[in-house]
Amino acid sequence: MFKIRKLSPGALSLLLATASAAPTAHAANDNPWGLQFFVGDSAGTEGDFASHRTTQVPDLGVFDPALSGTSGNAAFNSLRYDDIYRSRYVLGAEVSYDASENLEAYGRFSYNPLDGQTHTIGLLTTSDQSVSEPITAHFKDADQYSLMLGSRYYVPTGDQWRVFAGAALGASRFDDMTGTIDLPTAGVSMPDLRFARATTVFSQSLEAGIAYHSPASVDLQFSIGADHMDGPKGGDDATLAALGFDTTRDGGDRWSFPITLGATYRF
């Protein structure tokens, strides 16, 4: 189940204050261009980064000196993106153009910083099952940037409130997915590992929401989206490969679900 975070009171107050303080201007039809700033958060992330895998390790001493000369297995659990990262917030800006009373085109830039998580990703065991050690990963923070081009269709309601739906295409840039693997039982740490390389991938977005057209020159917009991104490129880390973690394949596709509130200035 997704955990939806509320917008901070400071961000909400800033948007509302901007709308109330804006000078009176012409109607939106007389001002087809708009500049929007938005803030929010992601309701969650869906998608598999790595599947379950078991690999034989001829000499476990490579990872735990106490097991030198002992063979065994490294078993890795399925790993999902929400095991690795949690969203901090989403913010960005867009430029829009009213092609008609109901149709709007826009270009949007967004930034989503992510908190790396600590997660038990597998188990290291000797062949005779006499020793079993959990494998824990501490993922480092990462940033995601997106640039999208899209359009929205507004349903006229006869007043200042309008509902809308939209779609967009573009590209998203994701940092290297890095972190540290620990064997807590043995007190062994393997730092600075790269699980996936930084890459720019194709992305698509769907959204729906409600907009308030102000008599002044600033409109407000509440939006719920579903963003799809291709998976990152596989890593090339020798330590992870030796441990048995598959770094050769690309990660799976990702879905995120941003919820944002924006203020659009018409000029």
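Reading guide: rules and limits
Residues numbered from 1 in each chain as written. Predicted model: local features only at pLDDT ≥ 70, side-chain atom pairs only at ≥ 80, totals over all residues. Heavy atoms only, no water. Salt bridge = Lys/Arg side-chain N within 4 Å of Asp/Glu carboxyl O. Helix = DSSP H or I, 4+ residues; strand = E, 2+ residues; numbered from the N terminus. Buried < 20%, exposed > 50% of the residue type's maximum accessible area, 1.4 Å probe, protein only. Core = buried A, V, L, I, M, F, W, Y, C linked by side-chain atoms within 4.5 Å. Contact = heavy atoms within 4.5 Å. Phe/Tyr/Trp six-rings, centres within 6.5 Å; stacked < 30°, edge-to-face > 60°. Lys NZ or Arg CZ within 6 Å of the ring centre and 35° of its normal. Pairing = 2+ DSSP bridges.

**Q** If you had to explain the pattern of salt bridges to someone new, which residues and values would you point to?
**A** Inspection of the entire model under this criterion finds 14 salt bridges. Between Arg-80 and Asp-48 there is a salt bridge; the shortest N-O distance is 2.7 Å. Here the residue Arg-80 occupies a position in strand β5 (residues 79-80), and Asp-48 occupies one in strand β2 (residues 48-50), the gap between them amounting to 32 residues. For the salt bridge of Glu-104 with Arg-152, the shortest nitrogen-to-oxygen distance reads 2.7 Å. Linking Glu-104 in strand β8 (residues 103-116) with Arg-152 in strand β11 (residues 142-155), this pair joins segments that are 48 residues apart in sequence. The exposure class of Glu-104 is buried, given its relative accessible area of 3%. Taking the relative accessible area as the measure of exposure, Arg-152 reaches 1% and is therefore buried.

**Q** Describe the nonpolar core, with residues and values.
**A** Counting residues in each nonpolar core, the largest one holds 31 residues, and the members touching the most others are Phe-49, Leu-79, Leu-124, Met-177, Ile-181, Phe-195 and Phe-245. Sorting the residues of this core by element identifies β2, β4 (72-76), α2 (81-84), β9 (118-126), β10 (132-139), β13 (177-183), β14 (188-197) and α3 (238-243) as the ones contributing at least two each. Among the elements that make up this core, the one with the highest residue count is β14 (five residues). Beyond its immediate chain neighbours, meaning those up to four positions away, Leu-79 contacts Asp-48, Phe-49, Ala-50, Ile-84, His-119, Ile-121, Phe-139 and Phe-245.

**Q** I'd like a rundown of the packing of aromatic side chains, residues and numbers included.
**A** This model, assessed by the stated rule, comprises 11 aromatic pairs. Put simply, the rings of Phe-76, Phe-139, Phe-195 and Phe-245 pair up and form one aromatic cluster. The aromatic ring of Tyr-106 is capped on one face by Arg-152, whose charged end is 4.0 Å from the ring centroid. Taking NZ or CZ as reference, Arg-162 lies 4.1 Å from the ring centre of Tyr-154, over its face.

**Q** Describe the side chain of Ser-256, with residues and values.
**A** Among the secondary structure elements, Ser-256 is positioned in strand β18 (residues 254-266). Residue Ser-256 is classed as buried on the basis of its relative accessible area of 10%. Setting aside residues up to four positions removed in sequence, Ser-256 forms contacts with Ser-42, Gly-44, Thr-45, Gly-225, Ala-226, Asp-227 and Met-229.

**Q** Let's hear about the sheet that holds β4: which residues, and what values?
**A** With antiparallel pairing, the seven strands of this open sheet are ordered in space as β3-β4-β9-β10-β13-β14-β17. Since the sheet does not close on itself, it has two edges, and those belong to β3 (53-57) and β17 (233-234), each with one partner. As paired strands, β9 and β10 are joined by seven bridges and run antiparallel to one another. Following the sheet pairing, Leu-123 is matched in β10 by Pro-134.

**Q** Residues and numbers for unusual backbone geometry, please.
**A** The bulk of non-glycine residues show a negative phi, and the bulk of peptide bonds are trans. Look at Gln-129: it is not a glycine, yet its phi comes out positive at around 65°. Following the sequence through the fold, Gln-129 ends up in the loop between β9 and β10. Gln-129 gets classed as exposed once you look at its relative accessible area, which sits at 55%. In this structure, Asp-192 is a non-glycine residue whose phi angle is positive, near 55°. Summarising the element assignment, Asp-192 is placed in strand β14. Judged by relative accessible area, which is 57%, Asp-192 ranks as exposed.

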